[in-house]
Amino acid sequence: PGFMQPRTPWGDPDLQGFWPGVEMQGVPLQRPARFGTRNVLTDEEFAQRARAIQEEEESLVAEIDVFTADVSQPCAIRCPTSPQPHWQETGKPSRQASLIVDPPDARQPPLSAEGQNRQADQQAEVRARRERLQGREADTYLDRSLYDRCITRGVLGSLLPTIYNNGNEIVQGPGVVVIRNEMIHEARVVPLDGRAHLPASHKSYMGNSRGYWEGNTLVVVTKNLNGLTGIGGNGGGRTSERVTITERFTMLDKDTLQYTATIDDPGTWTQPWTLSFPWKREPAYGMFEYACHEGNYAMRNILSISRAAEKE
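Below is a short write-up of the structure. Bear in mind the structure is a predicted one, so any value in this text is a computation, not a measurement. (Residues numbered from 1 in each chain as written. Predicted model: local features only at pLDDT ≥ 70, side-chain atom pairs only at ≥ 80, totals over all residues. Heavy atoms only, no water.)

## Focus: the pairing of strand S9 (residues 256-264)
Counting buried residues in S9 gives 7 out of 9 residues, a clear majority hidden from the surface. Here strand S8 (residues 244-253) runs beside S9; their pairing, made up of 9 bridges, is antiparallel. Residue pairing across strands places Arg248 opposite Thr260, the latter belonging to S9. From the end of S8 to the start of S9, which pair antiparallel, there are 2 residues. Sheet topology places S9 next to strand S10 (residues 273-280); 8 bridges connect them, and they run antiparallel. When the bridges of S10 are listed, Thr260 appears paired with Ser276. (Buried < 20%, exposed > 50% of the residue type's maximum accessible area, 1.4 Å probe, protein only. Helix = DSSP H or I, 4+ residues; strand = E, 2+ residues; numbered from the N terminus. Pairing = 2+ DSSP bridges.)

## Considerations on the pairing of strand S5 (residues 187-191)
Two strands pair when backbone bridges link them, and strand S4 (residues 176-181) and S5 are joined in this way by 5 bridges, in the antiparallel orientation. Paired with Val177 across the bridge in S5 is Val190. Taken together, S4 and the strand that follows it, S5, pair antiparallel across an intervening segment of 5 residues, in which Ile184 is found at a positive phi of about 55°.

## Quick word on the pattern of salt bridges
The tally for this structure, following the rule as stated, stands at 19 salt bridges. Two residues, Glu214 and Arg248, come together in a salt bridge whose shortest N-O distance is 3.9 Å. One end of the pair, Glu214, is in strand S6 (residues 208-214); the other, Arg248, is in strand S8, and 34 residues separate them in sequence. A relative accessible area of 28% places Arg248 in the partly exposed class. Three or more residues joined by partner-sharing salt bridges are found here, namely Arg129, Arg132, Arg136, Asp139, Asp143, Arg307 and Glu310. (Salt bridge = Lys/Arg side-chain N within 4 Å of Asp/Glu carboxyl O.)

## Re the nonpolar core
Counting 35 residues, the largest nonpolar core has Leu156, Phe249, Leu257, Tyr259, Leu275, Phe277 and Trp279 as its most contacted members. Elements with a contribution of two residues or more to this core: helix H3 (154-157), S4, strand S7 (217-223), S8, S9 and S10. Once residues lying within four places of it in the same chain are set aside, the contact partners of Leu275 are Leu29, Leu99, Ile100, Val101, Leu160, Tyr259, Thr260, Ala261 and Ile263. If you look at the next biggest cluster of nonpolar residues, it comprises 6 residues, including Cys150, Tyr164, Tyr290 and Cys292. (Core = buried A, V, L, I, M, F, W, Y, C linked by side-chain atoms within 4.5 Å. Contact = heavy atoms within 4.5 Å.)

## Some words on unusual backbone geometry
Backbone torsion omega between Asp102 and Pro103 reads 10°, so that peptide bond is classified as cis. By the secondary structure assignment, Pro103 is in the loop between strand S2 (100-102) and helix H2 (113-133). The phi torsion at Asn165 lies on the positive side, around 55°, for a residue other than glycine. Note that Asn165 resides in the loop between H3 and strand S3 (168-173). On the accessibility criterion, Asn165 (14% relative accessible area) is buried. Non-glycine residue Ile184 carries a positive phi angle of around 55°. By secondary structure assignment, the location of Ile184 is in the loop between S4 and S5. A residue is classified by how much of its surface remains accessible, and Ile184, at 2% relative accessible area, is buried.

## Describing the packing of aromatic side chains
Centre distance and the angle of the planes are the two values used to describe a pair of aromatic rings. What the rule picks out here adds up to 6 aromatic pairs. Feature note: the residues Phe249, Tyr259, Phe277 and Trp279 constitute an aromatic cluster, connected by ring pairs. Positioned above the aromatic ring of Tyr147 is the side chain of Arg153, whose terminal nitrogen or guanidinium carbon lies 4.5 Å from the ring centre. (Phe/Tyr/Trp six-rings, centres within 6.5 Å; stacked < 30°, edge-to-face > 60°. Lys NZ or Arg CZ within 6 Å of the ring centre and 35° of its normal.)

## Regarding the sheet that holds S9
Spatially, 6 strands are ordered S2-S10-S9-S8-S7-S6 in an open sheet, and the strand pairing comes out antiparallel. Among the strands making up the open sheet, the edge pair consists of S2 and S6. Averaged over neighbouring strand pairs, the angle between their axes works out to 25° when direction is ignored. (Axes fitted to C-alpha atoms, helices over the stretch in contact; angles between N-to-C directions.)

Written out as structure tokens, the structure reads:
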């Protein structure tokens, strides 16, 4: 109430600024089944989430005693052989139960027949790769993921809250909007002049985006994705080449922008589904260079140790 949408000098709604999504880190993509159609936490559930976030923050800055830790136990990143994980980001307690808001149960719809077949093919590829590698990490760089190779996380993977680099920036000019992500330095230049999408034969990791205004809401429609990316590291699975992503950006007040995305992919799911969550303005947010390739010794080490294993 009382919020007046700011305007650019040329008259468009002004959405410009830094809008990191880090506050929603920890909110699951799909709603736990026990919540049913309820997407707001109770006071007790909210307190549990707040405690979990506090414990996570404390563990991230805790010192690791490399002399007493049991190195024989399996671990992910909080172990003596890993770097200190203090660079990871944690969210703020949110009452939102899940990022998905539609269907009403906030679960991804069932896979379509095409989606089931493609998933089976992908699983067969994984099994064949494991059999071929026989315990080795990789024969070539193609055996590693796009994320390992510092290539992309895709449209949604670059936007959805994750462990770090949650920065988003919107920059506008007459007839164009740029959506820039800190994650793997993706940037989409979105024309607003009504031009058609590129021919369907022109496919890429980030697809082809076109935008328009619905009142004060920026609508961005993305097509021409190559089917090699998905819903990021949030358990959403890969999409097909037939997917259309429709995003909506709406300012609720001067410091809150609601982000909504509808995923329509008959090549994967039986019906469209929608996720939605707020971004909070952070004028001083630092969009750091994502110099993944410059520091990506993992790829070199993975391949070199596989060659060493072959020689042995």
